[in-house]
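So you can see what is in the structure, the chains are spelled out below.
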Amino acid sequence: MSKIIAIANQKGGVGKTTTSVNLGAGLATLGKRVLLVDIDPQGNTTSGVGINKADVENCIYNILIDDIPPHDAILETKIDGLNIIPATIQLAGAEIELVSTISRELRLKKALGIVKQNYDYIIIDCPPSLGILTINSLTAADSVIIPIQCEYYALEGLSQLLNTVRLVQKNLNPHLQIEGVLLTMLDARTNLGIQVIEEVKKYFQEKVYRTIIPRNIRLSEAPSHGQSIITYDRRSKGAEVYYELAKEVLSYE
Ligand SMILES: Nc1ncnc2c1ncn2[C@@H]1O[C@H](COP(=O)(O)OP(=O)(O)OP(=O)(O)O)[C@@H](O)[C@H]1O
Ligand SMILES: [Mg+2]
(Lines give C-alpha, C1' and ligand atoms only; values in the text may rest on other atoms or scores of the structure.)
(Ligands and ions follow the chains in the order given, each with its own letter.)
Protein backbone atom coordinates (compact mmCIF):
# COMPACT_ATOMS: atom_id res chain seq x y z
CA MET A 1 0.00 0.00 0.00
CA SER A 2 1.16 3.47 -0.75
CA LYS A 3 -0.35 6.62 0.64
CA ILE A 4 0.20 10.31 -0.04
CA ILE A 5 -0.51 12.60 2.93
CA ALA A 6 -0.47 16.40 2.73
CA ILE A 7 0.25 18.29 5.96
CA ALA A 8 -1.74 21.48 5.53
CA ASN A 9 -2.97 24.56 7.37
CA GLN A 10 -2.70 28.03 5.88
CA LYS A 11 -2.03 29.40 9.34
CA GLY A 12 1.69 29.92 9.84
CA GLY A 13 3.77 28.27 12.53
CA VAL A 14 1.31 25.60 13.64
CA GLY A 15 3.73 22.67 13.35
CA LYS A 16 3.35 21.54 9.72
CA THR A 17 7.08 21.23 9.12
CA THR A 18 7.88 19.78 12.54
CA THR A 19 5.19 17.16 11.91
CA SER A 20 6.33 16.40 8.35
CA VAL A 21 9.94 15.85 9.38
CA ASN A 22 9.28 13.92 12.57
CA LEU A 23 6.31 11.85 11.41
CA GLY A 24 8.37 11.01 8.32
CA ALA A 25 11.38 10.05 10.44
CA GLY A 26 9.15 8.05 12.80
CA LEU A 27 7.55 6.08 9.98
CA ALA A 28 10.95 5.42 8.38
CA THR A 29 12.39 4.25 11.71
CA LEU A 30 9.44 1.86 11.98
CA GLY A 31 10.55 0.30 8.69
CA LYS A 32 8.42 2.18 6.16
CA ARG A 33 9.79 3.68 2.95
CA VAL A 34 9.04 7.39 3.18
CA LEU A 35 9.39 10.29 0.76
CA LEU A 36 9.15 13.83 2.13
CA VAL A 37 8.07 16.46 -0.37
CA ASP A 38 8.94 20.03 0.55
CA ILE A 39 6.59 22.31 -1.37
CA ASP A 40 7.15 25.41 0.78
CA PRO A 41 9.53 28.07 -0.63
CA GLN A 42 10.84 28.53 2.92
CA GLY A 43 12.42 25.08 2.51
CA ASN A 44 12.27 24.31 6.23
CA THR A 45 11.75 20.58 5.78
CA THR A 46 14.74 20.53 3.44
CA SER A 47 17.11 22.16 5.93
CA GLY A 48 15.35 20.30 8.76
CA VAL A 49 16.70 16.98 7.49
CA GLY A 50 20.20 18.38 7.09
CA ILE A 51 20.26 19.33 3.43
CA ASN A 52 22.19 22.44 2.51
CA LYS A 53 19.92 24.32 0.13
CA ALA A 54 22.91 25.90 -1.63
CA ASP A 55 23.97 22.41 -2.75
CA VAL A 56 20.59 21.41 -4.16
CA GLU A 57 20.76 20.87 -7.91
CA ASN A 58 17.13 20.03 -8.66
CA CYS A 59 14.21 20.89 -6.42
CA ILE A 60 10.44 20.66 -6.48
CA TYR A 61 10.40 23.81 -8.62
CA ASN A 62 12.11 21.98 -11.50
CA ILE A 63 9.55 19.19 -11.25
CA LEU A 64 6.57 21.56 -11.28
CA ILE A 65 7.83 24.06 -13.84
CA ASP A 66 10.52 22.36 -15.96
CA ASP A 67 8.88 18.93 -15.95
CA ILE A 68 12.08 17.10 -14.95
CA PRO A 69 11.62 13.45 -13.91
CA PRO A 70 10.99 13.33 -10.15
CA HIS A 71 13.81 10.81 -9.68
CA ASP A 72 16.27 13.55 -10.63
CA ALA A 73 15.29 15.61 -7.59
CA ILE A 74 15.08 12.89 -4.93
CA LEU A 75 17.80 12.95 -2.27
CA GLU A 76 18.63 10.57 0.54
CA THR A 77 18.71 11.73 4.15
CA LYS A 78 20.72 10.53 7.14
CA ILE A 79 17.82 8.27 8.08
CA ASP A 80 17.50 4.93 6.32
CA GLY A 81 14.33 4.74 4.29
CA LEU A 82 13.72 8.50 4.39
CA ASN A 83 14.12 10.37 1.10
CA ILE A 84 13.22 13.93 0.20
CA ILE A 85 12.33 16.12 -2.74
CA PRO A 86 13.80 19.43 -1.53
CA ALA A 87 12.56 23.00 -1.97
CA THR A 88 14.66 26.10 -2.42
CA ILE A 89 13.74 29.77 -2.63
CA GLN A 90 13.45 29.27 -6.40
CA LEU A 91 10.01 27.87 -5.62
CA ALA A 92 8.82 31.34 -4.60
CA GLY A 93 8.33 32.14 -8.30
CA ALA A 94 6.24 29.04 -8.97
CA GLU A 95 2.89 30.45 -7.78
CA ILE A 96 3.00 33.09 -10.49
CA GLU A 97 4.63 30.96 -13.17
CA LEU A 98 2.06 28.20 -12.77
CA VAL A 99 -0.83 30.56 -13.46
CA SER A 100 -0.29 30.34 -17.20
CA THR A 101 0.50 26.61 -17.26
CA ILE A 102 -1.83 23.94 -18.60
CA SER A 103 -3.37 21.72 -15.88
CA ARG A 104 -1.48 23.69 -13.29
CA GLU A 105 -3.28 22.04 -10.37
CA LEU A 106 -2.23 18.56 -11.50
CA ARG A 107 1.54 19.00 -11.80
CA LEU A 108 2.47 17.43 -8.49
CA LYS A 109 -0.04 14.60 -8.84
CA LYS A 110 1.47 13.68 -12.19
CA ALA A 111 5.03 13.69 -10.82
CA LEU A 112 4.27 11.74 -7.65
CA GLY A 113 2.35 9.17 -9.68
CA ILE A 114 5.69 8.18 -11.22
CA VAL A 115 7.39 7.44 -7.88
CA LYS A 116 4.45 6.50 -5.67
CA GLN A 117 5.02 2.75 -5.89
CA ASN A 118 8.54 3.10 -4.48
CA TYR A 119 7.21 4.36 -1.14
CA ASP A 120 4.82 3.37 1.61
CA TYR A 121 4.21 7.00 2.56
CA ILE A 122 4.71 10.28 0.76
CA ILE A 123 4.39 13.26 3.10
CA ILE A 124 3.96 16.73 1.61
CA ASP A 125 4.85 19.75 3.76
CA CYS A 126 2.59 22.58 2.52
CA PRO A 127 3.30 26.32 2.73
CA PRO A 128 1.20 28.59 4.96
CA SER A 129 -1.23 29.62 2.22
CA LEU A 130 -4.09 28.22 0.20
CA GLY A 131 -2.46 29.07 -3.12
CA ILE A 132 -1.63 26.89 -6.08
CA LEU A 133 1.13 24.97 -4.24
CA THR A 134 -1.27 23.81 -1.54
CA ILE A 135 -3.92 23.06 -4.17
CA ASN A 136 -1.36 20.91 -6.03
CA SER A 137 -0.65 19.08 -2.77
CA LEU A 138 -4.31 18.43 -1.94
CA THR A 139 -4.89 17.28 -5.50
CA ALA A 140 -1.99 14.83 -5.35
CA ALA A 141 -2.85 13.53 -1.86
CA ASP A 142 -4.96 10.64 -0.67
CA SER A 143 -5.52 12.44 2.60
CA VAL A 144 -4.64 15.50 4.65
CA ILE A 145 -3.37 15.91 8.20
CA ILE A 146 -4.33 19.26 9.73
CA PRO A 147 -2.07 20.39 12.59
CA ILE A 148 -3.77 22.78 14.99
CA GLN A 149 -1.82 24.73 17.56
CA CYS A 150 -3.32 24.63 21.06
CA GLU A 151 -3.57 28.41 21.27
CA TYR A 152 -6.18 31.09 21.22
CA TYR A 153 -7.57 31.59 17.68
CA ALA A 154 -6.69 27.95 16.93
CA LEU A 155 -9.93 27.40 15.01
CA GLU A 156 -9.78 30.69 13.18
CA GLY A 157 -9.27 30.17 9.46
CA LEU A 158 -10.18 26.50 9.66
CA SER A 159 -13.46 26.95 7.81
CA GLN A 160 -11.47 28.45 4.94
CA LEU A 161 -9.17 25.43 4.92
CA LEU A 162 -12.10 22.99 5.05
CA ASN A 163 -13.79 24.90 2.27
CA THR A 164 -10.67 24.52 0.14
CA VAL A 165 -10.61 20.78 0.91
CA ARG A 166 -14.25 20.54 -0.24
CA LEU A 167 -13.53 22.48 -3.43
CA VAL A 168 -10.63 20.17 -4.24
CA GLN A 169 -12.82 17.14 -3.54
CA LYS A 170 -15.50 18.49 -5.82
CA ASN A 171 -13.36 19.62 -8.73
CA LEU A 172 -9.96 17.94 -8.68
CA ASN A 173 -9.65 14.99 -6.32
CA PRO A 174 -12.90 13.30 -5.26
CA HIS A 175 -11.15 10.74 -3.07
CA LEU A 176 -9.28 13.21 -0.85
CA GLN A 177 -9.97 12.46 2.83
CA ILE A 178 -9.14 14.03 6.14
CA GLU A 179 -6.55 11.67 7.59
CA GLY A 180 -6.57 13.32 10.98
CA VAL A 181 -6.38 16.48 13.03
CA LEU A 182 -3.25 16.85 15.14
CA LEU A 183 -3.12 19.06 18.22
CA THR A 184 0.31 20.61 18.58
CA MET A 185 2.40 22.69 20.99
CA LEU A 186 0.20 22.01 23.99
CA ASP A 187 1.26 23.76 27.15
CA ALA A 188 -0.33 21.45 29.70
CA ARG A 189 0.08 24.04 32.46
CA THR A 190 -2.58 26.30 30.99
CA ASN A 191 -6.35 25.94 30.94
CA LEU A 192 -6.37 27.46 27.49
CA GLY A 193 -4.74 24.37 25.97
CA ILE A 194 -7.35 22.11 27.54
CA GLN A 195 -10.14 24.36 26.25
CA VAL A 196 -8.76 24.25 22.72
CA ILE A 197 -8.54 20.45 22.87
CA GLU A 198 -12.19 20.25 23.88
CA GLU A 199 -13.29 22.65 21.19
CA VAL A 200 -11.34 20.88 18.44
CA LYS A 201 -12.67 17.47 19.57
CA LYS A 202 -16.22 18.80 19.52
CA TYR A 203 -15.70 19.96 15.96
CA PHE A 204 -13.70 17.08 14.46
CA GLN A 205 -14.70 14.26 16.84
CA GLU A 206 -13.02 10.94 16.03
CA LYS A 207 -10.78 12.59 13.44
CA VAL A 208 -8.60 14.05 16.24
CA TYR A 209 -5.49 11.98 16.94
CA ARG A 210 -5.19 10.52 20.44
CA THR A 211 -1.55 11.61 20.34
CA ILE A 212 -1.21 15.26 21.32
CA ILE A 213 2.11 17.00 20.72
CA PRO A 214 3.26 19.01 23.76
CA ARG A 215 5.61 21.96 23.66
CA ASN A 216 9.06 20.47 23.87
CA ILE A 217 12.26 22.45 23.67
CA ARG A 218 14.16 19.60 21.98
CA LEU A 219 11.65 19.67 19.11
CA SER A 220 12.43 23.32 18.48
CA GLU A 221 16.20 22.76 18.70
CA ALA A 222 16.44 19.81 16.32
CA PRO A 223 15.99 21.74 13.02
CA SER A 224 18.95 24.02 13.69
CA HIS A 225 21.06 20.86 13.83
CA GLY A 226 19.54 19.61 10.57
CA GLN A 227 18.06 16.63 12.34
CA SER A 228 14.75 15.01 13.11
CA ILE A 229 13.95 14.64 16.79
CA ILE A 230 14.55 10.93 16.46
CA THR A 231 18.21 11.34 15.57
CA TYR A 232 18.70 14.52 17.62
CA ASP A 233 17.40 13.23 20.96
CA ARG A 234 15.76 9.85 20.83
CA ARG A 235 14.93 9.91 24.53
CA SER A 236 13.17 13.26 24.54
CA LYS A 237 9.44 13.67 25.07
CA GLY A 238 9.27 15.05 21.51
CA ALA A 239 10.72 11.84 20.04
CA GLU A 240 8.36 9.75 22.16
CA VAL A 241 5.22 11.58 20.99
CA TYR A 242 6.16 11.62 17.31
CA TYR A 243 6.82 7.85 17.52
CA GLU A 244 3.37 7.51 19.07
CA LEU A 245 1.90 9.53 16.25
CA ALA A 246 3.67 7.39 13.63
CA LYS A 247 2.23 4.25 15.25
CA GLU A 248 -1.21 5.81 15.41
CA VAL A 249 -1.06 6.74 11.72
CA LEU A 250 0.00 3.16 10.90
CA SER A 251 -2.88 1.76 12.96
CA TYR A 252 -5.39 3.43 10.60
CA GLU A 253 -3.82 1.86 7.49
N1 LIG B 1 5.89 20.78 19.81
C2 LIG B 1 6.71 21.82 19.71
N3 LIG B 1 7.38 22.28 20.79
C4 LIG B 1 8.20 23.35 20.69
N5 LIG B 1 8.43 24.03 19.57
C6 LIG B 1 7.79 23.62 18.44
C7 LIG B 1 6.90 22.49 18.46
N8 LIG B 1 6.40 22.33 17.20
C9 LIG B 1 6.95 23.31 16.46
N10 LIG B 1 7.79 24.07 17.18
C11 LIG B 1 8.53 25.26 16.72
O12 LIG B 1 7.57 26.25 16.35
C13 LIG B 1 7.95 26.89 15.15
C14 LIG B 1 6.90 26.65 14.07
O15 LIG B 1 6.82 25.26 13.80
P16 LIG B 1 6.83 24.72 12.31
O17 LIG B 1 7.92 25.34 11.51
O18 LIG B 1 6.77 23.24 12.36
O19 LIG B 1 5.43 25.29 11.82
P20 LIG B 1 4.89 25.44 10.32
O21 LIG B 1 3.41 25.29 10.40
O22 LIG B 1 5.61 24.53 9.41
O23 LIG B 1 5.28 26.95 9.99
P24 LIG B 1 5.15 27.67 8.55
O25 LIG B 1 3.69 27.96 8.42
O26 LIG B 1 5.99 28.89 8.64
O27 LIG B 1 5.63 26.70 7.52
C28 LIG B 1 9.31 26.33 14.80
O29 LIG B 1 10.30 27.16 15.32
C30 LIG B 1 9.34 24.97 15.48
O31 LIG B 1 10.65 24.55 15.80
MG1 LIG C 1 6.60 24.98 7.62
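Residues numbered from 1 in each chain as written. Chains lettered and ligands numbered in written order. Predicted model: local features only at pLDDT ≥ 70, side-chain atom pairs only at ≥ 80, totals over all residues.

A. The arrangement of the overall build of the protein chain in detail. Within the protein chain, the regular secondary structure consists of 11 helices and 7 strands. Whereas a compact globule of 253 residues would reach a radius of gyration of roughly 18 Å, the protein chain reaches 17 Å, a difference of no more than 12%. Within the protein chain, the fraction of its 253 residues that count as buried is 47%. (Helix = DSSP H or I, 4+ residues; strand = E, 2+ residues; numbered from the N terminus. Rg over C-alpha atoms; globule rule 2.2 N^0.38 Å. Buried ≥ 20, exposed ≤ 12 C-beta atoms within 10 Å, placed from the backbone.)

B. Focus on the sheet that holds strand β7 (residues 177–184). Pairing in this open sheet of 7 strands is mixed, and the strands run β3-β4-β2-β5-β1-β6-β7 from one edge to the other. Strands with a single pairing partner mark the edges of an open sheet, and in this sheet they are β3 (75–76) and β7. Where strand β2 (residues 34–38) and strand β5 (residues 121–125) come together, 5 bridges link them in parallel fashion. Its bridge partner lying in β5, Leu-35 is registered against Ile-122. In this fold helix α1 (residues 16–29) packs onto β1 (3–7), β2, β4 (82–85), β5, β6 (143–149) and β7, with an angle of close to 165° to the strand it touches most, β5. Running at roughly 150° to β1, helix α6 (residues 132–140) makes contact with β1, β5 and β6 of the sheet. (Pairing = 2+ DSSP bridges. Contact = placed C-beta atoms within 7 Å. Axes fitted to C-alpha atoms, helices over the stretch in contact; angles between N-to-C directions.)

C. Fine view of the packing of helix α5 (residues 107–115) against α6. The contact between α5 and α6 brings their axes to 7 Å, and the two run at 45°. Between α5 and α6, the angle is such that the two are oblique. Relative to α6, the crossing made by α5 is right-handed. Along the contact surface, α5 presents Arg-107, Leu-108, Lys-109 and Leu-112, while α6 presents Asn-136, Ser-137, Thr-139 and Ala-140. Of the residues in the contact of α5 with α6, the class split is 3 nonpolar, 3 polar and 2 charged. (Parallel < 35°, antiparallel > 145°, perpendicular 65-115°, else oblique. Left-handed = near helix turned anticlockwise from the far one by under 90°. Nonpolar A, V, L, I, M, F, W, Y, C, P; charged D, E, K, R; others polar.)

D. Expanded view of the site of ligand 1. In the region of ligand 1, 19 residues are neighbours, and Lys-16, Thr-17, Thr-18, Pro-128 and Ser-220 sit closest. Taken together, the elements giving at least two residues each to the shell around ligand 1 come down to α1 and α9 (217–221). Residues belonging to the shell around ligand 1 are distributed by class as follows: 6 nonpolar, 10 polar and 3 charged. (Near = placed C-beta within 6 Å.)

E. Molecular detail of helix α11 (residues 237–251). Over its 15 residues, α11 extends 21 Å from the first C-alpha to the last, a length consistent with the 21 Å expected when each residue adds 1.5 Å. All of the buried residues along α11 are Gly-238, Ala-239, Val-241, Tyr-242, Tyr-243, Leu-245, Ala-246 and Val-249. (Expected span 1.5 Å × (residues − 1).)

F. Looking closely at the pairing of β6. With respect to burial, β6 is a largely interior element, 6 of its 7 residues being buried. In this sheet, β6 lies alongside β1 in parallel orientation, the contact comprising 3 bridges. Its bridge partner lying in β6, Ile-7 is registered against Ile-145. One ladder, built from 7 bridges, connects β6 with β7; its direction is parallel. Among the inter-strand pairings, Ile-148 is bridged to a residue of β7, identified as Leu-183. In this region the chain leaves β6, passes through helix α7 (residues 158–171) and returns to the parallel neighbour β7; the handedness of that crossover is right-handed. (Right-handed = clockwise from strand over helix to strand, strands pointing away.)

G. Inspection of the packing of α1 against α11 at higher detail. Two numbers describe how α1 lies on α11: the axes approach to 8 Å, and their chain directions differ by 70°. With respect to their mutual orientation, α1 and α11 come out roughly perpendicular. Considering only the axes of α1 and α11, their crossing is right-handed. For the pair α1 and α11, contact is made by Asn-22, Leu-23, Gly-26 and Leu-27 and by Tyr-242, Tyr-243, Leu-245, Ala-246 and Val-249, respectively. Residues of the contact of α1 with α11, tallied by class, amount to 7 nonpolar, 2 polar and no charged.

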